[in-house]
Amino acid sequence: MAHFPQAPRPYYDLSTGISPYAYPLRMPDPAVLARLPEEDEEADLQAAAAFAYGLSNPDMVVAGAGSQSLIALLPRLLPAQRVCLLGPTYSGHAQAWRLQGLPVQQVTDPTALEQAATQPGTVCVVCNPNNPDGRLLTASWLHTLANTCAAHGTVLIVDEAFADFEQQSVAPLLPHPALVVLRSFGKTYGLPGVRLGFLLASPQVAAQARALLGSWPVGSLGLAAGRQALRDTAWLNAARTQARAAHTRLTNLLDATGLRHTGQASLFTLVQYPDAPSLWRHFCTYGLVTRIFADQPGRLRLGLPATDAAWSRLETALQAWAASSKSPVSQPGS
């Protein structure tokens, strides 16, 4: 906003993959904030998460203050000699392991990850759907990869932060001897400020994770939000339908502009343009914040607008881009 003072206000933030459809949370009685969370409340949150993610046993659920805090926990939880990421992907995973002194390799070909899974001491990491390109792998392929890990004494971590709307989850495979799954609450339910996320694993691994986290890992607001929302399947189904329709609307706008894009994730799409920073600056002049990547100058990620005004602003900005000399030469659908 400081760099683009002439841009219309308010700014609309399309830089995240957070759902624009916030869950209608009933706030808890303020009295619950005057005491520590109770064990039965924590157990009920685990039960709600097990229900939502298709687990047969709540003991396989570890709740934390956002999935990012659980990513940071993984190097302390899982013994490893090396880490192999299927990327380019969310940078937080590599950072967490490197902070613990572990060598991290990034591969772009799934077959290379399959090979890494056969090397003892390896932790394999996959984001599904992937961030930022929205690549979606099938649950059956990931199941095979997890079995390969189990056969060779390695581990597969599947980060399903955006999986609630895509229905390719491997969480129902648990308990599996080589599988750990991460789920985000805030992205799906449009409540990132609640800070709630889940690590799903075998009961033995989950118990170790809870011991590392210590007492009261989730505050009373997170407990209340999770216990309400995770059991509300009707709301989730409606939000999933809304998100998919909005994603189609977004990609249609990009097609009309001639901007190439990719990805199967409902909550965002990745625009491929050689000079993505120039496109980012163009959006900024229209009061629209998008996401560029310092190490990927040909990529720009767009989330879903939350309001009619935001959609209108985005459409205006895209029309202006198409009409300008900076408009790409590729045709829609190319």
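Since the model is a prediction, treat every value here as computed from it, not as a measurement.

The rules behind the values
Residues numbered from 1 in each chain as written. Predicted model: local features only at pLDDT ≥ 70, side-chain atom pairs only at ≥ 80, totals over all residues. Heavy atoms only, no water. Helix = DSSP H or I, 4+ residues; strand = E, 2+ residues; numbered from the N terminus. Rg over C-alpha atoms; globule rule 2.2 N^0.38 Å. Buried < 20%, exposed > 50% of the residue type's maximum accessible area, 1.4 Å probe, protein only. Contact = heavy atoms within 4.5 Å. Areas by Shrake-Rupley, 256 points an atom, 1.4 Å probe, with all protein chains shown as cover. Lys, Arg positive; Asp, Glu negative; His and termini not counted. Charge placed at Lys NZ, Arg CZ, Asp CG, Glu CD. Pairing = 2+ DSSP bridges. Axes fitted to C-alpha atoms, helices over the stretch in contact; angles between N-to-C directions. Phe/Tyr/Trp six-rings, centres within 6.5 Å; stacked < 30°, edge-to-face > 60°. Salt bridge = Lys/Arg side-chain N within 4 Å of Asp/Glu carboxyl O. Right-handed = clockwise from strand over helix to strand, strands pointing away.

Draft legend 1. Layout of the overall build of the protein chain. From N to C terminus, the protein chain includes 11 helices and 13 strands. Taking 334 residues into account, the globule formula puts the C-alpha radius of gyration at 20 Å, and the protein chain, at 21 Å, falls close to it. Expressed as lengths along the three principal axes of its C-alpha atoms, the size of the protein chain is roughly 60 × 55 × 35 Å. Within the span of the protein chain, comprising 334 residues, buried residues form 52% of the whole. Of the contacts formed within the protein chain by residues at least 6 apart in sequence, a portion of 71% connects residues at least 24 apart. Here the protein chain has roughly 14400 Å² of accessible surface; of this, 54% comes from carbon and sulfur atoms. In the protein chain, 23 positive and 22 negative side-chain charges are present, and the distance between their average locations comes to 6 Å.

Draft legend 2. Examining helix α3 (residues 91–98) more closely. Restricting attention to buried positions, one finds in α3 the residues G92, H93, A94, A96 and W97. Looking at the buried positions of α3, the neighbouring elements they touch are α2 (67–77), β3 (82–86), β4 (104–107), β5 (122–127), β6 (155–159) and β7 (179–184).

Draft legend 3. Region of interest: unusual backbone geometry. Along the chain, G87 connects to P88 via a cis peptide bond; the corresponding omega equals -5°. Looking along the chain, the bond that leaves L174 and enters P175 is cis, with omega of 5°. Phi at W216 is positive, roughly 55°, even though this residue is not glycine. Secondary-structure assignment places W216 in the loop between α7 (203–213) and α8 (220–229).

Draft legend 4. Up close: the sheet that holds strand β10 (residues 268–272). Reading across the sheet, the 4 strands line up as β9-β10-β13-β12 and stay open at both edges, with antiparallel pairing between neighbours. Looking at the sheet topology across the chains shown, the edges are occupied by β9 (260–262) and β12 (291–293). Along the sheet, successive strands turn relative to each other by an average axial angle of 30°, direction set aside. Of the pairings in the sheet, the one linking β12 to strand β13 (residues 296–303) comprises 3 bridges and is antiparallel in character. Across the sheet, the residue bridging to I292 is L300, located in β13.

Draft legend 5. Quick peek at the pairing of strand β8 (residues 197–200). Because side chains alternate across β8, one face comprises the buried residues G197 and L199, and the other comprises F198 and L200, equally buried. Where strand β2 (residues 61–64) meets β8, 4 bridges bridge the pair, whose relative direction is antiparallel. Within β8, the residue paired with V62 across the bridge is L199. Two elements, β7 and β8, share 4 bridges in a ladder whose sense is antiparallel. In the sheet register, R183 faces β8, and the bridge partner there is F198.

Draft legend 6. Spotlight on the packing of aromatic side chains. Evaluation of the coordinates by the stated rule reveals 8 aromatic pairs. With centroids separated by 5.2 Å and ring planes inclined at 80°, the aromatic side chains of Y23 and W235 adopt a geometry described as edge-to-face. Taken together, the residues span a long stretch of sequence, with Y23 in the loop between β1 (12–13) and α1 (39–53) and W235 in helix α9 (residues 233–257) at a distance of 212 residues. Judged by its relative accessible area of 7%, Y23 is buried.

Draft legend 7. Local environment of the pattern of salt bridges. One pass over the structure, following the stated rule, counts 6 salt bridges. Between E160 and R183 there is a salt bridge, with the nearest N and O atoms lying 2.8 Å from each other. Remark: R183 occurs in strand β7 and E160 occurs in the loop between β6 and β7; sequence separation between them is 23 residues. Side by side, E160 and R183 carry an identical accessibility label, which is buried. What emerges from the salt-bridge pattern is a single network uniting D44, R227 and R231.

Draft legend 8. Here's a closer look at the pairing of β3. Counting buried positions over the 5 residues of β3 gives 4, a clear majority of the element. Across 4 bridges, β3 lies against β5 in parallel orientation. If you follow R82 over to β5, its bridge partner there is T122. A crossover connection joins β3 to the parallel β4 through α3; in handedness this β-α-β unit is right-handed.

Interpretation in functional terms is not warranted from these geometric data alone.
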